[in-house]
Amino acid sequence: MKKALTVVLLFISSYSFSQVDLLKAGDRLPDLIIKNIINAPVKQLEVNDTQNEKVIILNFWGTWCSPCIPEMDNLAKLQQANAKNIQVIGISNDLPERLRKYLITKPSMLWLATDTSYFLYQLFGFASVGHSAIIGADKKIIALVNTDSVDQKMINKILKGEKVLSSANIKEPAINTAEDPFGIDSLTDHSFTIRGYMYGVQTMSKTPNEGPYAYRRISFFNLCISEICRDAFDIHSPKQMIYEIDKKQLCNFDDKKSLYCVDIVVKPGDKDSLLPLLQQKLITALPFAIRTEYRNMPVYILKQKEGVALNMPVSTAARSSYGFSGNGYEGTAVLVTDFAKNYLTNELQMPVIDETGLTARYDIKTVNELRTAQNTIAAVEKLGLVLEKSERQVKVIVMGAKKID
């Protein structure tokens with residue numbers, strides 16, 4: 001165990017994590033100095049300072065994480081109500097400039113610091129942001145928890161010295177193997193596999209765009225069946241998912257037994273039918289019924305802003321690519337229809353229908369200072385586009401009980 005080290009947070013990023021066991025409840029915290037606190041009476045905090053008898057809550061979050069914002073608001077209320085006994089420090093990978101802009105929009109009593117190296121985040125082994133490490137006055141870790149579980153009842157238990165159970169999702173050690181997770185080799189002509197949770201594999205989906213499986217394979221790892229069906233049926237908004245059975249039967253990320261891995265490879269001549277063939281396989285293999293239909297529902301309509309020039313150049317790139325996060329969207333040679341469907345629908349949690357009439361491929365970039373619907377809409381307007389609320393008939397997936405013949 002090599003935990004007796006001094007860490008200057010934000011400045012030491014080359015330390016080998018293989019040398020240090022992940023910190024857990026009951027461990028004494030290393031001699032951490034959290035630097036670059038941007039909005040506190042102090043510029044740095046020595047966490048193990050014995051003169052500081054407060055309980056410290058290290059909350060890992062980001063301005064790009066929409067569920068984190070209400071969690072930070074809740075922590076701010078708890079900080080105010082328990083100012084003599086606790087100190088909450090929000091640690092994110094945001095640059096200081098971005099945090100200062102956040103504070104202009106949302107002034108906060110919470111101390112904010114940046115960890116662009118992810119050092120402390122990785123030291124705890126958290127699987128995602130939205131988790132907190134609670135440090136007692138004795139400088140030992142009381143618990144590692146989901147931030148949304150931190151409330152006054154928990155604070156009271158901590159101050160009374162009562163036990164608090166850890167609830168954080170800890171990242172599993174990655175499985176290092178050159179073998180294909182589904183046992184597929186380059187000679188495989190076609191296949192379909194559905195199986196349970198894979199340990200040590202990141203939750204994701206992927207479709208190769210080069211190599212022997214280019215555009216004729218799609219793989220899903222450790223996802224809810226409902227999420228897999230959304231991709232398979234080209235549905236991008238959760239509002240387009242209709243449940244006639246208990247949703248928890250289909251999706252519970254806290255229960256690994258409800259997560260699945262699915263892989264399909266189609267024949268080279270069938271690559272244009274990849275999704276329809278996947279749909280057929282899922283309908284046959286799954287123990288519940290899936291059907292598609294059209295229903296009238298609220299949507300956003302994407303249009304050109306009248307009298308305003310487009311602020312997105314027609315692309316000269318030969319290949320299309322895109323990526324997005326809570327910070328915004330960046331795409332090269334993308335269709336406006338795909339920008340609306342893949343990005344805007346995801347961010348606004350409502351179907352977005354492209355009625356711009358634009359058919360060229362564009363280089364599109366947006367920036368969000370804070371991940372909110374209002375900021376996303378404002379970023380779209382900077383492109384020379386506008387979003388209007390309306391109603392339309394849109395495709396939905398209905399998931400229900402399968403009839404037994």
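Note: the structure precedes this text.
Report follows, based on the coordinates. (Residues numbered from 1 in each chain as written. Predicted model: local features only at pLDDT ≥ 70, side-chain atom pairs only at ≥ 80, totals over all residues. Heavy atoms only, no water.)

## Focus: the overall build of the protein
Here is the rule: The helix and strand labels rest on DSSP assignments: H or I over at least four residues marks a helix, E over at least two residues marks a strand, and numbering proceeds from the N terminus. Atoms considered for the radius of gyration are the C-alpha atoms alone. The globule rule reads 2.2 Å times the number of residues to the power 0.38. Per-residue accessibility, obtained with a 1.4 Å probe over protein chains only, is compared with the maximum for each type, and a residue is labelled buried under 20%, exposed over 50%, and partly exposed between these values. By definition in these notes, contact holds between two residues if any of their heavy atoms fall within 4.5 Å.
What the protein contains, in helices and strands, is eight helices and 19 strands. In summary, the protein has a C-alpha radius of gyration of 24 Å against a globular reference of 22 Å for 405 residues, a match within 12%. Counting only C-alpha atoms and orienting by the principal axes, one finds that the protein spans roughly 70 × 55 × 40 Å. Out of the 405 residues belonging to the protein, those deemed buried represent 45%. Partitioning the contacts of the protein with sequence separation of at least 6, the portion at a separation of at least 24 is 72%.

## Let's talk about unusual backbone geometry
Despite not being glycine, Asn 222 shows a phi value in the positive range, around 50°. Note on placement: Asn 222 falls in strand 11 (residues 217–224). In the Ramachandran plot, Gln 349 falls in the positive-phi region, its phi being about 55° despite a non-glycine side chain. Tracing the sequence through the fold places Gln 349 in the loop between helix 7 (336–348) and strand 17 (352–354).

## A look at the pattern of salt bridges
The test is simple: One speaks of a salt bridge when a side-chain nitrogen belonging to Lys or Arg is within 4 Å of a carboxyl oxygen belonging to Asp or Glu.
All chains considered together, the criterion is met by 18 salt bridges. One salt bridge connects Arg 98 with Asp 94, and the closest N-O pair in it is separated by 3.3 Å. Each member of the pair, Arg 98 together with Asp 94, is buried. Close ionic contact of Arg 217 with Asp 180 constitutes a salt bridge, the shortest N to O distance being 2.9 Å. Here Asp 180 lies in the loop between helix 4 (152–159) and strand 9 (191–195) and Arg 217 lies in strand 11, a separation of 37 residues in the sequence. By relative accessible area, which is 6% here, Arg 217 ends up buried. A network of salt bridges, in which partner residues are shared, links Asp 94, Arg 98, Lys 101 and Glu 369.

## Observations concerning the pairing of strand 6 (residues 111–114)
Rules: When DSSP finds two or more bridges between a pair of strands, those strands are recorded as paired.
Judged by which residues are buried, strand 6 turns out to be covered on both faces: Trp 111 and Ala 113 on one side and Leu 112 and Thr 114 on the other are all buried. Inspection of the sheet shows strand 5 (residues 86–92) paired to strand 6 by four bridges, in the parallel sense. The residue of strand 6 that forms the bridge with Ile 89 is Trp 111.

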